[in-house]
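# Coordinate inspection notes
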Amino acid sequence: MGYLYLGIAITGELVGTNLLKASDGFTRLPFTAGSLLAYILCFYFLSLAIKTIDLNIAYALWGGVGIVVTTVLSVLIWHEQINPVIISGIALIVAGTVLLNLNVG
């Protein structure tokens, strides 16, 4: 059940982050409210996930998946540019997340 909660937390973080971008610095109230609600749900489900998943593993997955998917969404939705340095940095984060998960004992 912990990984289901973690998946919901990751989804909430992705929705919250994209709504935060759409809120245009909190000037668009519906997007601002949606972002805040998504982050509240995100942290609630993250708190449930870490009841059964080690904090370091849960946080690494939450952060790592969030960074990778946020980058993809920023290119697809917001038409932001990425370059080899950004891709390399994300690859290092993914490698670190994989290493943390391999070390689960």
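Read on for a plain summary of the structure. (Residues numbered from 1 in each chain as written. Predicted model: local features only at pLDDT ≥ 70, side-chain atom pairs only at ≥ 80, totals over all residues. Heavy atoms only, no water.)

A word on the overall build of the chain. Tallying secondary structure elements over the chain gives 4 helices and 0 strands in all. In the chain, the succession of α and β elements from N to C terminus is α-α-α-α. Seen along its three principal axes, the alpha-carbon backbone of the chain occupies a region of about 45 × 35 × 15 Å. The buried share of the chain, taken over its 105 residues, is 30%. Relative to all contacts within the chain whose residues are 6 or more apart in sequence, the contacts with residues 24 or more apart total 67%. Counting only carbon and sulfur atoms, one obtains 74% of the accessible surface of the chain, whose full area is about 6600 Å². (Helix = DSSP H or I, 4+ residues; strand = E, 2+ residues; numbered from the N terminus. Buried < 20%, exposed > 50% of the residue type's maximum accessible area, 1.4 Å probe, protein only. Contact = heavy atoms within 4.5 Å. Areas by Shrake-Rupley, 256 points an atom, 1.4 Å probe, with all protein chains shown as cover.)

Right, let's talk about helix H1 (residues 2-22) for a bit. Over its 21 residues, H1 extends 30 Å from the first C-alpha to the last, a length consistent with the 30 Å expected when each residue adds 1.5 Å. Listing the buried residues of H1 in full gives Gly-2, Leu-6, Ala-9, Ile-10, Gly-12, Glu-13, Leu-14, Gly-16, Asn-18 and Ala-22. The elements touched by buried residues of H1 are helix H2 (29-49) and helix H3 (55-76). Downstream of H1 by one or two residues, Asp-24 has phi in the positive range, about 55 degrees. (Expected span 1.5 Å × (residues − 1).)

Turning our eyes to something else, we now look at H2. Here H2 is 21 residues long and its end C-alpha atoms lie 30 Å apart, about the 30 Å a rise of 1.5 Å per residue gives. Residues of H2 that are buried include every one of Thr-32, Gly-34, Ser-35, Ala-38, Cys-42, Phe-45, Leu-46, Leu-48 and Ala-49, and no others. Residues of H2 that are buried in the fold lie against H1 and H3.

Before going further, it helps to examine the packing of H3 against helix H4 (residues 84-102). Closest axis-to-axis distance for the H3/H4 pair is 9 Å, and the angle between their directions is 155 degrees. Looking at the two axes, H3 sits roughly antiparallel to H4. Between H3 and H4 lies a crossing whose hand is left-handed. Listed contacts from H4 to Asn-56, Ile-57, Ala-60, Leu-61, Gly-64, Ile-67, Val-68 and Thr-71 of H3 are Ile-90, Ile-93, Val-94, Thr-97, Leu-100 and Asn-101. By residue class, the composition of the contact of H3 with H4 is 9 nonpolar, 5 polar and no charged. (Axes fitted to C-alpha atoms, helices over the stretch in contact; angles between N-to-C directions. Parallel < 35°, antiparallel > 145°, perpendicular 65-115°, else oblique. Left-handed = near helix turned anticlockwise from the far one by under 90°. Nonpolar A, V, L, I, M, F, W, Y, C, P; charged D, E, K, R; others polar.)

Take the nonpolar core next. Taken as a class, soluble globular proteins show a tendency for nonpolar side chains to be buried jointly. Judged by nonpolar contacts, the single largest core of 14 residues is most densely connected at Leu-6, Ala-9, Ile-10, Leu-46, Ile-53 and Trp-62. At the level of secondary structure, the elements contributing two or more residues to this core comprise H1, H2 and H3. Among the elements that line this core, the one with the most residues is H2, at 5 residues. Here Leu-6 is in contact with Leu-46, Ala-49, Ile-53, Ala-58, Leu-61 and Trp-62, once residues within four sequence places are set aside. (Core = buried A, V, L, I, M, F, W, Y, C linked by side-chain atoms within 4.5 Å.)

Along the chain, Asn-18 turns up in helix H1. Among the residues examined, Asn-18 registers a relative accessible area of 14% and is labelled buried. Reaching out from Asn-18, the side chain makes a polar contact with the side chain of Trp-78 at a distance of 2.7 Å. Here Asn-18 is in contact with Leu-73, Ile-77 and Trp-78, once residues within four sequence places are set aside. (Polar contact = N/O pair within 3.5 Å; in protein donor to acceptor, adjacent residues only side chain to side chain.)

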